[in-house]
Amino acid sequence: AFVLMPALFLGLSAVLDASVGGGVVLLLFILVVFVVFELLWLVGWPVGSPLCYKVLSKESREEGRMALEKADRAVMGLPEPEESPSAAEPAATQEPAGAQDVQV
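Structural notes, computed from the coordinates. Note that the coordinates shown come from a computational prediction; the quantities given were computed from them, not determined experimentally.

The rules behind each value
- Residues numbered from 1 in each chain as written.
- Predicted model: local features only at pLDDT ≥ 70, side-chain atom pairs only at ≥ 80, totals over all residues.
- Heavy atoms only, no water.
- Helix = DSSP H or I, 4+ residues; strand = E, 2+ residues; numbered from the N terminus.
- Buried < 20%, exposed > 50% of the residue type's maximum accessible area, 1.4 Å probe, protein only.
- 1 Å grid on protein atoms, 1.4 Å probe; cavity = no way out; pocket = protein on both sides within 12 Å on 5 of 7 lines; lining within 4 Å.
- Points joined across faces, edges and corners; volume = space filled by probe spheres on them.
- Nonpolar A, V, L, I, M, F, W, Y, C, P; charged D, E, K, R; others polar.
- Expected span 1.5 Å × (residues − 1).

Looking now at the overall build of the protein chain. Counting secondary structure elements, the protein chain contains 4 helices and 0 strands. Buried positions account for 7% of the 104 residues belonging to the protein chain.

Printed below as a string of structure tokens:
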């Protein structure tokens with residue numbers, strides 16, 4: 001990428017110096033290629049299967065995000081978040097002391 005991008009735009013500049021019409025056509029071609037790549041990368045073809053998930057699956061991304069959050073908490077000295085009760089263990093439904101039905 002560090003060699004390709006400067007070479008691409010230096011070539012475009014040379015074509016624009018030689019022929020404005022040819023340079024404009026080349027610029028439009030480069031823009032179309034970029035838009036098609038971004039569309040395939042982010043949306044995918046057929047729609048709903050982006051190429052970015054072929055590189056790293058959604059599950060792998062989620063695991064990485066969770067590991068990063070855990071490492072961040074460890075570095076900052078924050079406690080681990082409390083686990084929410086599971087569906088098998090329903091939470092007690094007690095009203096706090098002093099709670100009353102108040103009609104206004």
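Turning our eyes to something else, we now look at the layout of surface pockets. The space that makes up the largest pocket amounts to roughly 230 Å³. Leu 4, Met 5, Leu 8, Phe 9, Leu 27, Phe 29, Ile 30, Leu 31, Val 33, Phe 34 and Phe 37 are the residues that line the largest pocket. Looking at the lining of the largest pocket, the elements that each hand over two or more residues are helix H1 (4-18) and helix H2 (20-42). Residue contributions to the lining of the largest pocket peak at 7 residues, all from H2. Each residue belonging to the lining of the largest pocket can be placed in one class, and the counts come to 11 nonpolar, no polar and no charged.

In an α-helix there are 3.6 residues to a turn, and that puts residues three or four apart on one side. Compared with an ideal rise of 1.5 Å per residue, which puts 19 residues at 27 Å, helix H4 (residues 58-76) spans 27 Å between its outermost C-alpha atoms and is within 8% of the ideal. Count one or two residues on from H4 and you reach Gly 77, which has phi positive near 75 degrees.

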